[in-house]
Amino acid sequence: MPSSHLQKTINDSLSSAIPSEEIQSDSWQKSLSHAIRSPEELLEKLKLDIGQFDIPKEAFNNFLLLVTESYLNRMERGNPKDPLLLQVLPTGKELVSPPGFTEDALHEKDSHFARGLLKKYHHRALMITTGTCAIHCRYCFRRHFSYLDEPRQWEDWKPAFEAIEKDSSIQEILLSGGDPLILNDSRLEKIIKRLEEIPHIKRIRIHTRIPVVLPSRITSNFLELFLNSRLTTFMVIHANHHHELRDDAAESIRKIVRSGIPVLNQAVLLKGINDSKEEQFQLCEGLINLGVIPYYLHQLDQVEGTSHFETEETLGKEIIQFLRENLPGYAVPQYVREIPGKMNKTPLL
Ligand SMILES: *Cc1c(COP(=O)(O)O)cnc(C)c1O
Ligand code: SF4
């Protein structure tokens, strides 16, 4: 698509939004600073009685509750089993740790290539751009990750960029975290510009849950950063339930798709949230209706504090079979799990 046309498309899709881009980019940072951080406040807004939940303080001392207003707005009032609520509400079940569930289930500590850089697979490296997210997902596989050792200042990134520069086998850089879209546009621009200087880097892949949880972050200024780059950009978003794809999130995802950036989705199979044929069907259908390709359905990583979300692999396989029978081929995700030491994610089918 010629870039002038692209620009027009972006402008068009923005025209219905807030008129001034400046107000808009302010507003996502403001929304984030107003995010909900206490179970009491969250449950009160949902008209739920905190007495009916088991939420011991120890369950979230080290991984606080965090949820944006936008995400809250997509939860159903008065429903203690709302699939979005269950993704963010701490529970005493997090204190149970059956054998096999460990803090660094993926052995990421062994994959540090340089400070802030993981390289597990051929031709791709993953930058831990920040430890911060716009939401805290209780099942997160990085909930125990020690971000303290990762770079913070721009200068701290020097060794990572030099390591990328030295390894000409790397073609693609994954921007991950935390959530890379927590970074402001000028920091993202610096990262892109630095990567553009490295001839063997051809692609950037952004792994982010922000279009789903903090949709106002997706401004046209932000999208332009990537559209003006020589690097091909892919975005992998993270939605687990079709209710997440409503309202402002749907609009923002559309905006990214219309800008021309290919958007893929990864989901995690979560007990009590999306572990049914019907829900996975609705999720995948919702995604393709927005122009997003379902990429991966992850079997839960065995990380301490998340065992209550684990499902049987046989169920996952049945779900995929059902999706194959009911959706176009491109709408069926790959069902995978990550096995430490393997050179790719392991397909379970
Ligand atoms: C998942 C992952 C990737 C990307 O794998 P793809 O199969 O290309 O999506 C790259 N690096 C790390 C460390 C990962 O965990
Ligand atoms: S947004 Fe991603 S990295 Fe952050 S808590 Fe959720 S799953 Fe983990």
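This text goes with the structure placed above it.
Here's what I pulled together on the structure shown here. (Residues numbered from 1 in each chain as written. Chains lettered and ligands numbered in written order. Predicted model: local features only at pLDDT ≥ 70, side-chain atom pairs only at ≥ 80, totals over all residues. Heavy atoms only, no water.)

### A few points about the overall build of the chain
Across its full length, the chain holds twelve helices and ten strands. Taking the principal axes of the C-alpha coordinates as reference, the chain spans close to 55 × 45 × 45 Å. Looking at the chain as a whole, 54% of its 349 residues are labelled buried. A fraction of 82% describes how many contacts in the chain between residues 6 or more apart in sequence connect residues 24 or more apart. When the accessible area of the chain is evaluated, it comes to approximately 15700 Å², of which 50% is carbon and sulfur surface. (Helix = DSSP H or I, 4+ residues; strand = E, 2+ residues; numbered from the N terminus. Buried < 20%, exposed > 50% of the residue type's maximum accessible area, 1.4 Å probe, protein only. Contact = heavy atoms within 4.5 Å. Areas by Shrake-Rupley, 256 points an atom, 1.4 Å probe, with all protein chains shown as cover.)

### Overview of empty space enclosed by the protein
With the rule as written, the count across this model stands at one cavity of 30 Å³ or more. Volume-wise, the largest cavity comes out at about 50 Å³. Together, N265, A267, Q280, L283, C284, L287, P294, Y295, Y296, L297 and P333 line the largest cavity. When contributions to the lining of the largest cavity are tallied by element, the ones reaching two or more residues are β7 (263–268), α11 (277–290) and β8 (293–298). (1 Å grid on protein atoms, 1.4 Å probe; cavity = no way out; pocket = protein on both sides within 12 Å on 5 of 7 lines; lining within 4 Å. Points joined across faces, edges and corners; volume = space filled by probe spheres on them.)

### Section: the site of ligand 2
Inspection of the region around ligand 2 gives C133, I135, C137, C140, R209 and H238 as its neighbouring residues. Partitioned by chemical class, the residues of the shell around ligand 2 number four nonpolar, one polar and one charged. (Near = heavy atom within 4 Å. Nonpolar A, V, L, I, M, F, W, Y, C, P; charged D, E, K, R; others polar.)

### A short note on the packing of aromatic side chains
Per the stated rule, a full pass over the model turns up six aromatic pairs. Seen from their ring centres, F281 and F322 are 6.5 Å apart, and the 75° between their planes marks the pair as edge-to-face. Taken together, the positions of F281 in helix α11 and F322 in helix α12 (residues 313–326) put the pair 41 residues apart, joining distant regions of the chain. Given the relative accessible area of 23%, F281 is considered partly exposed. The partly exposed category is assigned to F322, whose relative accessible area is 24%. Judged by centre distance (4.0 Å) and plane angle (25°), the ring pair of Y295 and Y296 falls under stacked. Here Y296 falls in the buried class, since its relative accessible area comes to 13%. Following the ring pairs from residue to residue traces out a cluster consisting of W154, W157 and F161. The ring centre of F113 lies 5.6 Å from the NZ or CZ of K119, which sits over that ring. (Phe/Tyr/Trp six-rings, centres within 6.5 Å; stacked < 30°, edge-to-face > 60°. Lys NZ or Arg CZ within 6 Å of the ring centre and 35° of its normal.)

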